[in-house]
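Observations on the three-dimensional arrangement
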Amino acid sequence: MVAVSAQEAAPVVAKAEVRGLNFYYSDFHALKAIDMPVYEKKVTALIGPSGCGKSTFLRSFNRMHDLYPGNRYEGEIRLFPDDVNVLAPGVDPIEVRMRISMVFQKPNPFPKSIYENVAYGLRVRGESRRVTLNEKVEEALRSAALWEEVKERLQEPAFNLSGGQQQRLCIARALATDPEILLFDEPTSALDPIATASIEELIHDLKNKVTIVIVTHNMQQAARVSDYTAYMYLGELIEFGVTDEIFIKPKKKETEDYITGRFG
Amino acid sequence: MEAARDLGAIRALIAKHKRWDMIFGLCGLLALMIGVLTFAALFVDMAIDGIPRLNWDFFTSFPSRKPAQAGILSAWVGSSLVMLVTAFFAVPLGVAAGIYLEEYAPKNWVTDVIEINITNLAGVPSIVYGLLALGLFVYQFGFGQSVLSAGLTLALLILPVVIVATREAIRSIPQGIREGAYALGSTQWQVCKDHIIPYSMPGILTGVIIGMARAIGETAPIITIGALTFIAFLPGAPLKAEPPFVSFEWLFSGFTVMPIQMFNWTSRPEAAFQQNAAAAGFVLVLMTLAMNGFAIWLRYSLRKKIKW
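Residues numbered from 1 in each chain as written. Chains lettered and ligands numbered in written order. Predicted model: local features only at pLDDT ≥ 70, side-chain atom pairs only at ≥ 80, totals over all residues. Heavy atoms only, no water.

**With respect to the overall build of chain B**
In terms of regular secondary structure, chain B is built from 11 helices and zero strands. Overall, chain B shows an N-to-C arrangement of helices and strands of α-α-α-α-α-α-α-α-α-α-α. Since a compact globule built from 308 residues should have a radius of gyration of about 19 Å, the 26 Å found for chain B marks it as more spread out than a globular shape. Across the 308 residues of chain B, 42% fall into the buried class. If you take every contact in chain B between residues at least 6 apart in sequence, the share linking residues at least 24 apart comes to 75%. For chain B, the accessible surface area stands at approximately 16600 Å², while carbon and sulfur atoms represent 72% of it. Each charge class in chain B was averaged separately, 21 positive and 17 negative side chains, and the resulting centres sit 5 Å apart. (Helix = DSSP H or I, 4+ residues; strand = E, 2+ residues; numbered from the N terminus. Rg over C-alpha atoms; globule rule 2.2 N^0.38 Å. Buried < 20%, exposed > 50% of the residue type's maximum accessible area, 1.4 Å probe, protein only. Contact = heavy atoms within 4.5 Å. Areas by Shrake-Rupley, 256 points an atom, 1.4 Å probe, with all protein chains shown as cover. Lys, Arg positive; Asp, Glu negative; His and termini not counted. Charge placed at Lys NZ, Arg CZ, Asp CG, Glu CD.)

**Observations concerning the packing of aromatic side chains**
Applying the stated rule across the entire model yields 17 aromatic pairs over all chains. Their ring planes at 50° and their centres at 5.2 Å tell us that F57 of chain A and F61 of chain A sit as a pair that is tilted. Taken together, the residues span about one helical turn, with F57 of chain A and F61 of chain A both in helix α1 (residues 54-61) at a distance of four residues. An identical accessibility class is assigned to F57 of chain A and F61 of chain A; each is buried. Relative to W265 of chain B, the ring of F58 of chain B has its centre 6.0 Å away and its plane inclined at 35°; by these criteria the two rings are tilted. Taken as a pair, F58 of chain B in helix α2 (residues 56-60) and W265 of chain B in helix α10 (residues 258-266) lie far apart in primary sequence, 207 residues in all. (Phe/Tyr/Trp six-rings, centres within 6.5 Å; stacked < 30°, edge-to-face > 60°.)

**Structural notes on the interface of chain A and chain B**
Each side of the interface is counted separately: chain A has 25 residues, and chain B has 20 residues. Interface area, chain A with chain B, both sides summed: about 1900 Å², of which 61% is carbon and sulfur. Looking at the side of chain A facing chain B, the largest losses of area belong to P111, Y120 and F159 of chain A, adding up to 28% of the total buried there. At the surface where chain A touches chain B, the tally comes to one salt bridge. With a closest N to O distance of 2.7 Å, R59 of chain A and E179 of chain B form a salt bridge. The tally of links between chain A and chain B comes to 10 residue pairs in polar contact (both at pLDDT 80 or more). If you list the elements that add at least two residues to the side of chain A that touches chain B, you get α2 (93-99), β6 (100-103), α3 (114-124) and α6 (163-175) of chain A. Taken together, the residues that form the side of chain A that touches chain B break down as 15 nonpolar, five polar and five charged. (Buried area = accessible area lost by both parts, 1.4 Å probe. Salt bridge = Lys/Arg side-chain N within 4 Å of Asp/Glu carboxyl O. Polar contact = N/O pair within 3.5 Å; in protein donor to acceptor, adjacent residues only side chain to side chain. Nonpolar A, V, L, I, M, F, W, Y, C, P; charged D, E, K, R; others polar.)

**Here we look at the domain arrangement of chain B**
All names here are of chain B. For chain B, the assigned domains read domain 1 (7-52) and domain 2 (54-303). Distance from the C-alpha centre of domain 1 to the C-alpha centre of domain 2: 35 Å. Of all residues in domain 1, F43, M46 and I51 give up the largest surface area on contact with domain 2, accounting jointly for 54% of the area buried on that side. Remark: the boundary between domain 1 and domain 2 carries zero salt bridges. Counting every contact that joins domain 1 to domain 2 gives two residue pairs in polar contact (both at pLDDT 80 or more). The residue makeup of the side of domain 1 that touches domain 2, split by class, is six nonpolar, one polar and one charged. (Domains from an automatic or database assignment.)

**A short note on the pairing of strand β7 (residues 181-185) of chain A**
Residue and element names in this part refer to chain A. The element β7 is largely enclosed, with a buried count of five among its five residues. Sheet analysis places β7 next to strand β8 (residues 211-215), joined by five bridges and oriented parallel. Bridged to I181 within β8 is T211. In this region the chain leaves β7, passes through helix α7 (residues 193-206) and returns to the parallel neighbour β8; the handedness of that crossover is right-handed. (Pairing = 2+ DSSP bridges. Right-handed = clockwise from strand over helix to strand, strands pointing away.)

**Quick look at the confidence of the model for chain B**
Of the residues in chain B, 94% have a pLDDT of 70 or more, and the chain-wide mean is 87. Looking over chain B, one finds the lowest element-wise mean pLDDT in α2 of chain B, namely 83, and the highest in helix α7 (residues 175-183) of chain B, namely 95. (pLDDT = per-residue confidence, 0-100.)

**Comments concerning the side chain of S61 of chain B**
By secondary structure assignment, the location of S61 of chain B is in the loop between α2 and α3 (73-104). Those residues in contact with S61 of chain B that lie beyond four places of it in its chain are Q69, A70, G71, I72 and L73 of chain B.

**Structural notes on α3 of chain A**
By the criterion of burial, α3 of chain A is predominantly enclosed, with 10 of the 11 residues buried. Buried residues of α3 of chain A: I114, Y115, E116, N117, V118, A119, Y120, G121, L122 and V124 of chain A, and no others. At its buried positions, α3 of chain A is contacted by α2, α4 (130-143), α5 (147-150) and α6 of chain A together with α7 and α8 (188-216) of chain B. Once α3 of chain A finishes, G126 of chain A follows within two positions and takes phi at roughly 85°, a positive value.

**Quick look at the pairing of strand β1 (residues 14-25) of chain A**
Strand residues, when the strand is regular, have side chains that alternate between the two faces of the sheet. Residues and elements named next belong to chain A. Looking at chain direction, β1 and strand β2 (residues 28-39) are connected through eight bridges and run antiparallel. Of the residues in β2, the one forming a bridge with A14 is Y39. Linking two consecutive strands that pair antiparallel, namely β1 and β2, is a turn of two residues; a positive phi of about 50° is found at S26 within it. Note: β1 against strand β4 (residues 71-79), eight bridges, orientation antiparallel.

See below:
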């Protein structure tokens, strides 16, 4: 594991610890021996060229790969404070997804009302009391900076929203269930620059509440929103560290080449 | 500056290419018209023969030896009841099978074999279903030559159509929607009941109705299981005045259906019965068109709510 210099004033606590993670799509060895911490209430960015495995890595955290046959994990992603290896065969992926939420690349609201989109995760958890649902939906929409725009039309279809609003709705949906970690898979790649800015601002605000891991192909974005950055290449973790250090004085030549645009 | 192009030559070339455009367009139109006009001619011919026979009595009278008094009461009631039974069995079975194949079935050779078989089943001649039903429903299960046997037979017949329509509808749901639901901690069944089934409903219903429109015109399997051609009674009413108020007697009643009634009349020598057959055919085509129209309307109105 790469040492991290303690620049931050508050003590950093690990929320998750990746140890010797290997991942296989059938025969293809997509992730190779990754070791990395994820710090609590911080934003960790995963960067690297297309096909480097950053999305594959992110989708390991909530066991999305279990939805498709032939995928195989080795190693551990330990979640703290209870020290559970979420990749262990005995751990139900549904339990993992109840603790770790995800926001996808393309906004994927359900063809239901705005309200039902946000409430869905709670309904899955068996919540049916109207008062609790109303409260949680409002709270999540406020956290996702969407409440003011939609409070008058909660029963309208989610598809009536703009792309950026849809993505914030997806963030609200993921937040409504109080996740321990929120995963973002290139959340702004389908959005225009203004919507992108609002999502980035939101991510910045959210880190007070939740631990965030974000995949991005946009290095400026990683520099803007993250506290820690991991640079990946061909399924390997090349370098992990405090974002400022990774971008200003990376330790590895490969990282420097990628960040300065000589490669990738 | 560039030398002036030979515009005349270019235009001549374009004109030549466009001639082929027009020739193919005409060929296509001709091909289309052969199909459409043939149907239109048949329909108009039938309408001219049949419409004078259409009146209230025609719908409320039983068949008769006297052509002027004969009606299609037992036929349209029989067709409707058989369709009811068909839908009752084909929809849940077909939808459940389709969902299982798309969402639950492991991707292995067993699933592949089942898939190929379902596609083939859709192409099995309907008379073969009739033979199967005669042996299985009529004799083995002892349902007799009844509405129930006919409904089950036609349900089997349209089951592949329903399964295929269900699968097509499910496949059109973007994977992102599934992943979004799973990422919130849903189980497979929660994903199916809250997302897959509601979002694929327009497609499923369209497939069901198109299958039913096919089934309502089926004659061969119904004859095979022994539907009667001359029926002067109606199946027992499903509701009764005395307890237990509902009755399923009608399921085991003898029956006839529209196409069989038509067939019966066409085989008579009297010209007046031919007129009756034309009138019944006209009604049957209208029933089919109405069902298809309903399917189109349903798809349109349900789809409005769902956009990808």
